[in-house]
Amino acid sequence: MAAVSFLRYSVPSRVFWYPTRLTRVTPTFARFSSSAASTSSLSSPSSDHFLPDKWESYRKKKVVIRIGYVGTDYRGLQIQRDDPSLKTIEGELEVAIYKAGGILDSNYGDLHKIGWARSSRTDKGVHSLATTISLKMEIPETAWKDDPHGTLLAKCISKHLPDNIRVFSVLPSQRRFDPRRECTLRMYSYLLPVDVIGVKNSFTSDEIDHHLSDFNEILKQFEGDYPFHNYTQRSKYRRKAQQKITQRNGRPPKKPKSIQASESELTGENNRENEEEKVDVEEEEGEVDGESNEDVADSQVYIRAKWLHEPDETDKLSAAHFRKVFRCRCGMLENSLGFGFVEISIWGESFMLHQIRKMIGTAVAVKRELLPRDIIRLSLNKFTRIVLPLAPSEVLILRGNSFEVPKSPANFRKRPEIKAMGESEEVEKEVEEFYRGVMVPQVSRFLDSEEAPWKEWLEHLERNDGMIDEQLEDVRRGWEEWKAKPRIMTRKTGDDKEFASVSAAVHQALH
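Residues take numbers from 1 onward in each chain, read along the sequence in its written order. Only residues with pLDDT of at least 70 get local features here, since the model is predicted, and only at 80 or more are side-chain atom pairs given and counted; chain-wide, interface and lining totals rely on the full set of residues. With hydrogens and water excluded, all non-hydrogen atoms of the structure serve as input to the side-chain values.

(A) Up close: the overall build of the protein chain. Each helix is a run of DSSP H or I of at least 4 residues and each strand a run of E of at least 2, with the numbering of both proceeding from the N terminus. Secondary structure summary: the protein chain contains 13 helices and 14 strands in total. Only protein chains enter the accessibility calculation, which uses a 1.4 Å probe. A residue is then buried if its area is under 20% of the maximum for its type, exposed if over 50%, and partly exposed in between. For the protein chain, the proportion of its 511 residues judged to be buried stands at 54%. Contacts between residues were defined by any pair of non-hydrogen atoms, one from each residue, lying within 4.5 Å. Taking all contacts inside the protein chain whose residues are at least 6 apart in sequence as the whole, residues at least 24 apart take part in 81%. For accessible areas, the Shrake-Rupley method is used with a probe of radius 1.4 Å. Any residue's cover is judged against the shown protein chains and nothing else. Only carbon and sulfur atoms are counted for the fraction: they give 48% of the accessible area of the protein chain, which is about 23,800 Å².

So this is what it looks like as structure tokens:
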């Protein structure tokens, strides 16, 4: 199969997730394990023929691993203990690390015991080339001996994984490294068949450029710091109401655990990140035909758009609904297997459940003139409640991450293991082999707009054409009244001024 260009890395290495070459390698030991499996593998040539099925544990060490996967057959990244029948990436990875010797029997089945943390989650069907996970792993005595990039350890784990999941690197990590809180930039790509936005094979170069330029103007409206509450399931990012606390026979009232947890999670500057962490990937079941059912009235009649003229105590927004999007643009026309497509780059600090897919779905509907041009502006206002289309997940890829230590001097913002890992040619070769040999064949088959999932999705869009128009008139009137009122601006929404305070790494990536 011919290789396609959409998966070539366009992200500068200095902002691409984390390092692959350590400046100081963990010291090796003179004494070798007596285990045949241990001595025959990690000190042997990096060939799968020499890799053991399981290494002998020497000690526990916090590590950081980079993984890639094709999410088509999985229910998302996060493990689902409540329903073991749901296949997830973390479920497969936990089993593989356990079989390789990285998790003890006493810790298997409880990720909290090994300090499991991830840089971000992905929805059902979404793919990744750069997911970062940290954990306390049992390591062999010869870990990183003649293997400074951790590719041998990675291959030992990958032996126990399905072909559509791959570990690229395993490296020692500093104790305080937190992949979620230190991830300052997440870079996604969405591959969109061009005929979905009206570009035909018969078009001239000028006509193609005109359509793509117009589509870019639509996409750029998402750039900035806005409440993206209409682009997710709002209730999942809303503060939970506190339970009533009563006296206990004259003693101080005892707080329920749920309240204690919510208070600790909702304080400080990490409010947004903590509320994001509460989201669970199986929340997709709360949707009907790809649209949120939060605004369905008791009479089962859809309220697809409304303006909150009065505060609604049952539908409040929180800091977690606000997200900062640095880039939302599409590239030039490309071709794979005879299908034309464009790659849409969506970069931001963090994203909510379904946010990117609803952004793409809305932009496509606007381009196809199924939704009005002002819908994006209206939907990014905190007083609006609008049901928006959810685009397919099969062509969404997490491409890269950038990490920085918060509130640290400029010279200490990059952890040693974070600096070196992104520059390893050996790891990049592993990534290249995975996406060309595994991801490309599977993702390319979703670029035909005449087949699933696009055919059904476009039919659903057409069926709902015009159903929101009357309700939007009330939203526009509310927006005009709100705009006319004097108010204090607390958030910037301009171009470069919006991102005046972003980190140097993010600024370099954007310019």
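(B) The arrangement of the nonpolar core in detail. Only buried residues count toward a nonpolar core, which is a set of Ala, Val, Leu, Ile, Met, Phe, Trp, Tyr and Cys residues joined through side-chain atoms within 4.5 Å. By size, the foremost hydrophobic cluster in this structure holds 70 residues, and its most contacted members are Y190, L192, F215, F228, I344, I346 and I375. Of all the elements, helix α10 (residues 425–444) adds the most residues to this core, at 8 residues. Among all residues touching I344, those that are not within four sequence positions of it are Y188, S189, Y190, L192, F215, L219, R329, C330 and I360. By size, the runner-up hydrophobic cluster in this structure holds 36 residues, among which are I103, L111, V170 and C183.

(C) Highlighting the packing of helix α4 (residues 205–219) against helix α7 (residues 355–367). The geometry of α4 relative to α7 is characterised by a closest axis approach of 10 Å and an angle of 130° between their N-to-C directions. One way to sum up the angle between α4 and α7 is to call them oblique. Taken as a pair, α4 and α7 cross one another with a handedness that is right-handed. Every residue of α7 that contacts α4 at H211, D214, F215, I218 and L219 is listed here: A363, V364, V366 and K367. Structural elements are reduced to axes, namely lines fitted to C-alpha atoms, with helices fitted over the stretch in contact, and the angle between N-to-C directions of any two is expressed from 0 to 180 degrees. Geometric relationships in this document are graded by angle, where less than 35 degrees denotes roughly parallel, more than 145 denotes roughly antiparallel, 65 to 115 denotes roughly perpendicular, and other angles denote oblique. The crossing is said to be left-handed when, going from far helix to near helix, the turn is anticlockwise and less than a right angle, and right-handed when the turn is clockwise.

(D) Representation of unusual backbone geometry in the model. A cis amide bond links A452 to the next residue, P453, at an omega of 5°. Topologically, P453 is positioned in the loop between α10 and α11 (454–463). The phi torsion at H354 lies on the positive side, around 70°, for a residue other than glycine. Within the secondary structure, H354 sits in the loop between β12 (339–348) and α7. Even without a glycine there, the phi angle at E369 is positive, about 65°. Since its relative accessible area comes to 69%, E369 is described here as exposed.

(E) Here's a closer look at the pairing of β12. Within β12, 9 of the 10 residues are buried, which leaves the element mostly enclosed by the surrounding structure. When DSSP finds two or more bridges between a pair of strands, those strands are recorded as paired. One ladder, built from 8 bridges, connects strand β5 (residues 183–193) with β12; its direction is antiparallel. Following the sheet pairing, M187 is matched in β12 by W347. In the sheet, strand β10 (residues 322–330) pairs with β12 via 5 bridges, with the strands oriented antiparallel. Across the sheet, the residue bridging to C328 is I346, located in β12. Here strand β11 (residues 334–336) pairs with β12 via 3 bridges, running antiparallel. Bridging across to β12, E334 finds its partner in F341. Connecting β11 to the antiparallel partner β12 that follows it, the hairpin turn spans 2 residues, and L337 within it adopts a positive phi of roughly 55°.

(F) α7, seen in detail. When the terminal C-alpha atoms of α7 are compared, their 18 Å separation across 13 residues agrees well with the 18 Å that a helix rising 1.5 Å per residue should span. Across the 13 residues that make up α7, a large majority, 13, are buried. Immediately beyond the C-terminal end of α7, within one or two residues, lies E369, with a positive phi of roughly 65°. Here the expected span of a helix is defined as 1.5 Å times the quantity of residues minus one.

(G) Region of the structure containing the side chain of D147. Looking at where D147 falls in the secondary structure, it is placed in the loop between β3 (127–139) and α3 (151–158). In this tally Asp and Glu are treated as negative and Lys and Arg as positive; neither His nor the chain ends contributes. Whenever Lys or Arg places a side-chain nitrogen within 4 Å of a carboxyl oxygen from Asp or Glu, that contact is recorded as a salt bridge. One buried charged residue, D147, remains without a salt bridge, the closest side chain of opposite sign being K155 at 8.3 Å. A polar contact of 3.0 Å, which involves the side chain of D147, links it to the backbone nitrogen of L152. Not counting residues within four places of it along the chain, the set of residues in contact with D147 comprises L152 and L153. Polar contacts, as used here, are pairs of N or O atoms within 3.5 Å; protein pairs need one atom able to donate a hydrogen and one able to accept it. Residues neighboring in sequence count only if both atoms are side-chain atoms.

(H) Quick peek at the pairing of β10. Of all 9 residues making up β10, 7 are buried, and the element is well covered by its neighbours. For strand β6 (residues 224–227) and β10, the ladder comprises 4 bridges, and the chain directions are antiparallel. Bridge pairing links P227 to F322 in β10.

(I) Examining a negative patch on the surface more closely. Patch membership requires over 30% relative accessible area and the absence of a salt bridge. Like charges are linked within 9 Å, and nonpolar side chains (Val, Leu, Ile, Met, Phe, Trp, Tyr) within 5 Å. One atom stands in for each charge, and that atom is NZ of Lys, CZ of Arg, CG of Asp or CD of Glu. On the surface, E450, E451, E456 and E459 cluster together to form a negatively charged patch. Following the sequence through the fold, E450 ends up in the loop between α10 and α11.

(J) The confidence of the model for the protein chain, seen in detail. Scored from 0 to 100, pLDDT reflects the predictor's confidence in each residue. Confidence in the prediction of the protein chain, expressed as mean pLDDT, is 78, and 69% of residues score 70 or more. Here residues 241–252 scores under 50 on pLDDT; set against residues more than four positions off or in separate chains, the count is 15 contacts. This model gives residues 255–300 a pLDDT under 50, and the stretch forms 112 contacts once residues within four places in sequence are excluded.

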